Amino acid sequence: MSLYSAETRRLTKRRFTKLFILGVTLILAAVAVGMFFTNEKVGPSQIASAQAQAQQDYQRSQEQFGRDMADCRAAQGTDRAGNWPPGCEGMVEPTPDDFQAQWYMPPTFDFLENFPDMVTTLAALLALVAFIVGASFVGAEWSSGGMMNLLLWRPQRLRVLGTKLVALLAFFTALTVVFSAVWTGLFYLIAQARGSTEGLTSGAWQSIGLMELRGLVLVIVAGAVGFGLASLGRHTAMALGVTIGALIVFQFGLGTVLSLAEVKFAEAYLIPIWMIAWMDKEVKVEDYNSCDFSSASGCVPDSLTLTWPMAGGILAGVFVLVVVAAMWTMRSRDVT
Amino acid sequence: MTAVLEIAGLQKTYRSRKGVRRALDGFDMTVEAGQVHGFLGPNGSGKTTTLRTLLGLIKPNGGRMAILGREVPESLPEVAGQVGAIVESPQFFGNFTAQDTLSLLADAGGVRKERVVAVLELVGLRDRSKDRVKTYSLGMKQRLAVASALLKEPKLLILDEPANGLDPGGIREMRTLMRNLAESGMTVVLSSHILGEIQLICDSVTIISAGRRVAAGSVADVLKTHTSSSVKVGLEAGVDMRPAIELLRANGAQVSVEHDHFTVGNAGNPAQITRILAERGIYVSELTPMSADLESVFLELTGTAPVEGQNRQVDQTAAATPASGGWGQ
Ligand SMILES: Nc1ncnc2c1ncn2[C@@H]1O[C@H](COP(=O)(O)OP(=O)(O)OP(=O)(O)O)[C@@H](O)[C@H]1O
Ligand SMILES: [Mg+2]
């Protein structure tokens, strides 16, 4: 326990940690403020004005259509006829459906519909911070020789590294829980002031809670992977380097190669899609080069659905792989 | 007396892409309780490797070690609370203050908080303890390292070159500190290249060369057995020393040249010198048996005495063939 509290203290004392948490707080605050000012509440007057505007635009385009039609007819048989479709056919007359009032509504923050994106934003930012702080927490310790000092004090390698990791993950769990609570409260208030909180049944709350929980898992895995890579390479830069390298090779290189090779569902090999699958419970990848013909709906592209259990399996696999590798090398390496 | 530290047949081979390097080759060492023990050896002879292996930082390839009667590395976690150590100028995280650094260590090792203040006072860092370690001078960092080793009130204190970077006052303070600690019952193992210092404060020494022990025992014993054979030779003023030196070297003497005299390191029988020189008409005006000091014993045992006109390379040392007896007997 003493080692654990020392590690927590070391983590929170570090300027690096403080700086990054301050940074992410500022970014999140900016997002919340932006959402507050770009949205507004929709009442009868906004609906009326949206309807009026839709109607106005419909009429304007109706008139334009009439003028164009007349011009076209007049041009038939002259040398200007080439500017119009032959026989004035194929000119589409606008319908009221093309001018729906909802498209003229000011942006409004509907909690049920818009908050999930905010949860993903929060999780992604916190995961990034967890990764970097996790990597630097152990990386700086290795490269400064602090790890050697610590091992002289507690010659139990797995215990020392494990406690460090647990302290890191516990810290980020607490941080994510607090941030998620504040984030939810904040956007509930924003929705009340600048949108609506309609339809928030207990089931809706539950699914938001579960989504935040998946966000927490993402943060924890990111922190552990940053920590593990930096410990394997004994340097902060190692974790960052490996990650950037992996991103370049996998995301850009592999993405290009796969699409050149016209591999089916090339996106499914890329990381972001899996993140989305994890956070949004599922994501559909479509192959536009294919056609499943059905008489009811015509050509439908082949699709592959990635679900959150699949994404969760990958996250768990990466977590276990990196942590076990870090622990394994810690057990046997020479510390010089 | 009981042995606080025992090492027998320790082997360590470093492997890297460049090949293998045998750093320890059956090294033995014993340190009795309550002593200040000097651990000496030329650069690259394996001192730091020995201490790192002892403290569980690197894995040995063979041999056995025991601290306070317990086998290590198996029992290291249990004895660690009684061992304070610094290994070759430890580095600390630069952005923390000395106070923070020590209090984090105290936390991690379950040591009372009051010890932090006490050891900072002891090593003379009290007034600078709120400064970041990054801003410390070499000697101040070294003092902090010693403070960290003392934090646990250890029974065995292991210091790898603690005097590195200390000012003369600091060295003398360190000397007094070691003596006081030893008197209070602590056993101190001290590696250093400042042999005058070692001779002043150590009860016993171990000398290592090329990964093997070449001498061990109390300072007096080591001095007695190894240096009586060195004599200082002076010729009449104005006589060229060079022919005499060449002559003696040709006869197998180890001669080192000073500016107005020379010394013969392995003169078991000084009469031999006068006879050889007199036969060629060179007359000795001074022939003094040298009183042994640790430095000359060290140079003799490790074979690292400077030789005129040669640049000795770090791994050129004498390995495990103690030069006893000697030339001319
Ligand atoms: N990490 C390492 N990898 C490979 N070889 C090493 C490593 N550390 C030390 N060595 C080699 O092992 C030998 C012993 O080194 P060690 O550091 O123990 O010497 P030392 O007695 O402490 O020397 P010094 O007086 O210079 O501190 C040297 O030849 C050195 O080059
Ligand atoms: Mg050394």
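First, a word on what this report is: a plain description of the structure on this page. (Residues numbered from 1 in each chain as written. Chains lettered and ligands numbered in written order. Predicted model: local features only at pLDDT ≥ 70, side-chain atom pairs only at ≥ 80, totals over all residues. Heavy atoms only, no water.)

As a further point, take the pattern of salt bridges. If you walk through the whole model with that rule in mind, you get 25 salt bridges over all chains. The salt bridge partner of Arg10 of chain A is Glu7 of chain A, with a shortest N-O separation of 3.2 Å. Pair noted here: Arg10 of chain A and Glu7 of chain A are both in helix H1 (residues 2–13), with a separation of three residues, about one helical turn. The partner of Arg9 of chain A in a salt bridge is Asp107 of chain B, and the shortest N-O contact between them spans 3.2 Å. (Salt bridge = Lys/Arg side-chain N within 4 Å of Asp/Glu carboxyl O. Helix = DSSP H or I, 4+ residues; strand = E, 2+ residues; numbered from the N terminus.)

Here we come to the coordination of the magnesium ion (ligand 2). All names here are of chain B. Note on the magnesium ion (ligand 2): its protein donors are Thr48 (OG1) and Glu88 (OE). The metal-donor distances range over 1.9 Å. One end of the pair, Thr48, is in helix H1 (residues 47–54); the other, Glu88, is in the loop between strand E6 (83–86) and helix H3 (98–109), with 40 residues separating them in the sequence. Among the residues examined, Glu88 registers a relative accessible area of 36% and is labelled partly exposed. (Donors = N, O, S within 2.8 Å, 3.2 Å for Na, K, Ca; no water. Buried < 20%, exposed > 50% of the residue type's maximum accessible area, 1.4 Å probe, protein only.)

Across the contact, 33 residues belong to chain B and 29 residues belong to chain A. Around 2,600 Å² of area is buried between chain B and chain A when both sides are counted, 59% of it from carbon and sulfur atoms. Taken together, the links from chain B to chain A amount to three salt bridges. Linking Asp334 of chain A and Lys12 of chain B is a salt bridge whose minimum nitrogen-to-oxygen distance equals 2.8 Å. On the surface where chain B and chain A come into contact, there are 13 residue pairs in polar contact (both at pLDDT 80 or more). (Contact = heavy atoms within 4.5 Å. Buried area = accessible area lost by both parts, 1.4 Å probe. Polar contact = N/O pair within 3.5 Å; in protein donor to acceptor, adjacent residues only side chain to side chain.)

Now for the sheet that holds strand E5 (residues 70–72) of chain B. Residues and elements named next belong to chain B. Spatially, the four strands line up as an open sheet ordered E2-E1-E4-E5, and their pairing is antiparallel. Of all strands in the sheet, those bounded by a partner on one side alone are strand E2 (19–32) and E5. If you compare each strand with its neighbour and ignore which way they point, the axes differ by 30 degrees on average. Alignment of strand E4 (residues 62–67) against E5, held across three bridges, turns out to be antiparallel. Residue Met65 lies in a different strand from E5, and its bridge partner there is Val72. Each of strand E1 (3–16), E2, E4 and E5 touches H1; the most contacted strand, E1, lies at about 110 degrees to it. (Pairing = 2+ DSSP bridges. Axes fitted to C-alpha atoms, helices over the stretch in contact; angles between N-to-C directions.)

So, about the site of ligand 1. The environment of ligand 1 is made up of 15 residues, and the closest members are Gly44, Lys47, Thr48, Thr49 and His193 of chain B. In this structure, ligand 1 is bordered by residues of chains A and B. Between ligand 1 and Gly44 of chain B there is a distance of 2.8 Å, counted from an oxygen atom to a backbone nitrogen or oxygen. Thr49 of chain B places a polar side-chain atom, nitrogen or oxygen, 2.5 Å from an oxygen atom of ligand 1. Calculation on ligand 1 without its partners gives an accessible area of 630 Å², and the protein chains cover 72% of this total. Counting only elements with at least two residues in the shell around ligand 1, the list comes to E2 and H1 of chain B. In terms of residues, the shell around ligand 1 owes the most to one element, H1 of chain B, which gives three residues. For the shell around ligand 1, the residue count by class is three nonpolar, eight polar and four charged. (Near = heavy atom within 4 Å. Areas by Shrake-Rupley, 256 points an atom, 1.4 Å probe, with all protein chains shown as cover. Nonpolar A, V, L, I, M, F, W, Y, C, P; charged D, E, K, R; others polar.)

This paragraph deals with the environment of Phe265 of chain A. Residue and element names in this part refer to chain A. Among the secondary structure elements, Phe265 is positioned in the loop between helix H8 (236–260) and helix H9 (271–280). With a relative accessible area of 14%, Phe265 lands in the buried category. Taking the C-alpha atoms as reference points, Phe265 and Tyr288, 23 residues apart in sequence, are found 9.3 Å from one another. In this structure, Phe265 is in contact with Val285, Glu286, Asp287, Asp302, Ser303 and Leu304, ignoring residues within four places of it in sequence.

In short, shape yes, function no, at least from these values alone.
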